[in-house]
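# Coordinates in review
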Amino acid sequence: MAGGRTGARRRREGRGNGGLPAEVAGPAGAFLELVVRALGLERAALLLESSPGALLVPVATHGVGDLPPCEPDAEPPGGPWTLALPLRSGLRVAGMLLLAPRGGVALPPADVDLAGRMAEAAALLLEHAQLAADLVRAHELLARADRLSALGTLAASVAHEIRNPLVSVRTFIQLLPERLGDQEFRTTFRDLALGEVERICGLINDLLAFARPAPAQVEPTDLNELVAQIVRLLDAEARRRGVVVACMSDPALPLVTVDEAQVKQVLMNVILNAIEACAARGRVEITTRTDESGEESSCVVAVADSGRGIAPEHLEQIFDPFFTTKDAGSGLGLFVAHEIVTHHGGGITAAPRAEGGTVFTIHFP
Ligand SMILES: Nc1ncnc2c1ncn2[C@@H]1O[C@H](COP(=O)(O)OP(=O)(O)OP(=O)(O)O)[C@@H](O)[C@H]1O
Ligand SMILES: [Mg+2]
């Protein structure tokens, strides 16, 4: 039995059924188990459309072994089946619940009735799973849109940041033939050019890691290092706006178990907001520390700015999707940051500072 279920699921994954929510297989298997037991059946199967108009594919089977996919109007595979109940989702038939009683005898009317209600429940479950999958997908798309928007801001300032050191490297290479005999020129400018090249490489690496993150995975991560990377990436943007960014990292900060790429996106959004909130000669201070005040200790990143502050009537709304007070803002930055942090079991809050400006406090368990 279990073998059939696992086999069906394996084949489903192998065929890459894009339209199916992945989490259906688990609950579907449990559901079939319930149906088989409640109706005293020999076997049962659940077939779903992989996408509208496409083949019906088994998502779970009970006591049948592997079932092949089936054309929508063809005889269901793995028969004979005594009952094939449609799973209706609105006006659409999203799949079939197949039942085979012991010894092939027909089910009594009361059991047929019960099976019909179970098929209705399965269709509802399916709809919920699809809605949940759609919601996850929508969140992923919003996070992606937010990342692209941050990249747009970064691109111009980072390009500028790369051009200047390249000019000094080019000058060194141009002058080299005529200054070949000059020992001091060779060593000083070689070190200088090398330093600039290293800096460009570092910047490009940080940018690529932000633009094309590794697949989602949580692992022990050094928050100080993530802060340093994002500050390096935003350094040019801050200087362009005349804002000083200062980092005060606690060297004893323990590692936190997080998804590095997602946390970088959080830091990017919050620090970029702080830089944008500051007028020229503003200051952004980023502090990391351990907070022992709660029941369990947590790691904290505080981003304080000397900017214009947040109007009290806006404080409630800043984490809402699409809330923005900026002409070209998407209003996604803080929403995505909040989603990511709470998904990690942490929290993010904003508060006014006594001396003016705002402090965002992000904590990870
Ligand atoms: N440090 C801050 N100081 C003052 N206001 C802030 C600060 N951070 C966020 N806000 C307010 O919260 C709003 C929402 O921020 P969020 O990052 O979600 O979107 P945005 O910055 O407006 O747009 P985008 O992130 O796409 O550029 C901002 O428009 C701004 O009004
Ligand atoms: Mg923002």
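Chains are numbered independently. Their residues run from 1 in the order of the written sequence. Note on labels: chains are lettered from A, ligands numbered from 1, in written order. In view of the model being predicted, local features appear only for residues whose pLDDT reaches at least 70, and side-chain atom pairs are presented and counted only at 80 or more, with totals across whole chains, interfaces and linings using the full set of residues. Hydrogens and water molecules were not included; the side-chain quantities draw on all heavy atoms of the structure.

What follows is about the overall build of the protein chain. Helix numbering and strand numbering both begin at the N terminus, where a helix is a DSSP run of H or I of at least 4 residues and a strand a DSSP run of E of at least 2. Scanning the protein chain from N- to C-terminus turns up seven helices and 11 strands. For the protein chain, whose C-alpha radius of gyration is 29 Å, the value lies well above the compact-globule estimate of 21 Å for 365 residues. Here's how the labels work: a residue is buried when its accessible area is under 20% of the maximum for its type, exposed when over 50%, partly exposed in between, all with a 1.4 Å probe on protein chains only. In the protein chain, buried positions account for 41% of the 365 residues. Contacts between residues were defined by any pair of non-hydrogen atoms, one from each residue, lying within 4.5 Å. At a minimum sequence separation of 6, the contacts of the protein chain that also span at least 24 residues come to 65%. Each accessible area is a Shrake-Rupley estimate made with a 1.4 Å probe; only the visible protein chains count as cover when residues are assessed. Element-wise, carbon and sulfur atoms account for 57% of the exposed surface of the protein chain, whose accessible area totals about 19300 Å². Computed over 33 positive and 45 negative side-chain charges, the inter-centroid distance for the protein chain is 5 Å. Values of the radius of gyration come from C-alpha atoms, whereas the globule rule sets the reference at 2.2 Å times the count of residues to the power 0.38. For the purpose of charge, His is not counted, nor are the chain termini; Lys and Arg are scored as positive and Asp and Glu as negative. Charge positions come from single atoms, namely NZ of Lys, CZ of Arg, CG of Asp or CD of Glu.

As a further point, take the packing of helix H5 (residues 223–240) against helix H6 (residues 260–277). One way to put it is that H5 packs onto H6 with a least axis distance of 9 Å and a crossing angle of 40°. In terms of orientation, H5 lies oblique with respect to H6. You can see that H5 and H6 cross each other, and the crossing is right-handed. Together, Leu 223, Leu 226, Val 227, Gln 229, Ile 230, Val 231, Leu 233, Leu 234, Glu 237 and Ala 238 of H5 and Glu 260, Val 263, Lys 264, Leu 267, Met 268, Ile 271, Leu 272 and Ile 275 of H6 make up the contact between the two elements. Residues that form the contact of H5 with H6 fall into these classes: 14 nonpolar, one polar and three charged. All axes are obtained by fitting lines to C-alpha atoms, using only the stretch in contact for helices, and the reported angles, taken between N-to-C directions, cover 0 to 180 degrees. Throughout this description, any angle smaller than 35 degrees is read as roughly parallel, any larger than 145 degrees as roughly antiparallel, any in the 65 to 115 degree range as roughly perpendicular, and the remainder as oblique. By convention the crossing between two helices is left-handed if the near helix lies anticlockwise of the far one by an angle smaller than a right angle, and right-handed if it lies clockwise. Residues were grouped as follows: Ala, Val, Leu, Ile, Met, Phe, Trp, Tyr, Cys and Pro as nonpolar; Asp, Glu, Lys and Arg as charged; and all remaining residues, including Gly, as polar.

This next bit is on the sheet that holds strand S4 (residues 92–101). By this definition, two strands are paired if DSSP reports at least two bridges between them. Pairing is antiparallel across the open sheet formed by four strands, whose spatial order is S2-S1-S4-S3. The outermost strands of the open sheet, each flanked by one partner alone, are strand S2 (56–62) and strand S3 (83–89). Across the sheet, the mean angle separating the axes of adjacent strands is 20° when strand polarity is ignored. Where strand S1 (residues 41–49) and S4 come together, seven bridges link them in antiparallel fashion. In the strand pairing of S4, Leu 48 is matched with Gly 95.

Moving on, we come to the confidence of the model for the protein chain. Along the chain, pLDDT gives the predictor's confidence residue by residue, from 0 to 100. Across the protein chain, the average pLDDT comes to 85, with 92% of residues at 70 or higher. This stretch, residues 1–24, has a pLDDT under 50; its non-local contacts, to residues over four places away or in other chains, come to 49 contacts.

Moving on, we get to the site of ligand 1. Neighbouring residues of ligand 1: 21 residues in total, closest Asn 273, Thr 324, Thr 325, Lys 326 and Ser 330. As used in this structure description, the phrase polar contact means that two N or O atoms lie within 3.5 Å; if the pair is within protein, one of them must be able to donate a hydrogen and the other to accept it, and residues adjacent in sequence are counted only when both atoms belong to side chains. Interatomic distance of 2.8 Å between a side-chain N/O atom of Asn 273 and an oxygen atom of ligand 1. Here an oxygen atom of ligand 1 and a backbone polar atom of Gly 331 are 3.2 Å apart. Computed on the free molecule, ligand 1 has an accessible area of 590 Å², of which 94% lies beneath the protein chains in the complex. Looking at side-chain class alone, the shell around ligand 1 contains eight nonpolar, 10 polar and three charged residues. When at least one non-hydrogen atom of a residue lies within 4 Å of a molecule or strand, that residue is treated as near it.

Right, let's talk about the nonpolar core for a bit. For this analysis, a nonpolar core means a set of buried residues of the types Ala, Val, Leu, Ile, Met, Phe, Trp, Tyr and Cys, connected via side-chain atoms within 4.5 Å. In this structure, Leu 233, Leu 267 and Ile 271 are the most contacted members of the largest nonpolar core, which totals 53 residues. Here this core gets nine residues from one element, more than from any other, and that element is H6. Setting aside chain neighbours within four positions, we find Leu 267 in contact with Leu 226, Val 227, Ile 230, Leu 272, Val 301 and Ile 362. Grouped together as the second largest cluster of nonpolar side chains are 25 residues, Phe 31, Val 35, Ala 115 and Ala 123 included.

The next point concerns the pairing of S4. Here S4 lies mainly inside the structure; eight of its 10 residues are buried. Examined bridge by bridge, S3 and S4 share seven bridges and lie antiparallel to one another. Pairing of Leu 85 across the sheet is with Leu 97, part of S4. Hairpin connection, S3 to S4: the antiparallel pair is bridged by two residues, and Gly 90 has positive phi, about 65°.

What follows covers unusual backbone geometry. Leaving glycine out, the prevailing phi sign among residues is negative, and the prevailing peptide bond configuration is trans. Of the consecutive residues Gly 79 and Pro 80, the connecting peptide bond is found in the cis state with omega at 5°. Phi at Arg 281 is positive, roughly 70°, even though this residue is not glycine. Examined against the element boundaries, Arg 281 turns out to sit in the loop between H6 and strand S8 (283–291). Look at Arg 281 and you get exposed, because its relative accessible area is 78%. Of note, the phi angle at Phe 322 is positive, near 70°, even though the residue is not glycine.

Moving on to the pairing of S8. Inspection of the sheet shows strand S6 (residues 244–248) paired to S8 by five bridges, in the parallel sense. Following the sheet pairing, Ala 246 is matched in S8 by Glu 285. Strand direction decides the pairing type here: S8 and strand S9 (residues 298–305), joined by eight bridges, are antiparallel. In the strand pairing of S9, Thr 287 is matched with Ala 302. Where S8 folds back onto S9 in an antiparallel hairpin, the turn is made up of six residues.

Within the secondary structure, His 344 is located in the loop between helix H7 (333–343) and strand S10 (347–352). Residue contacts for His 344: discarding those within four places in its chain leaves Val 218, Thr 257, Val 258, Asp 259, Gln 262, Val 263, Phe 364 and Pro 365.

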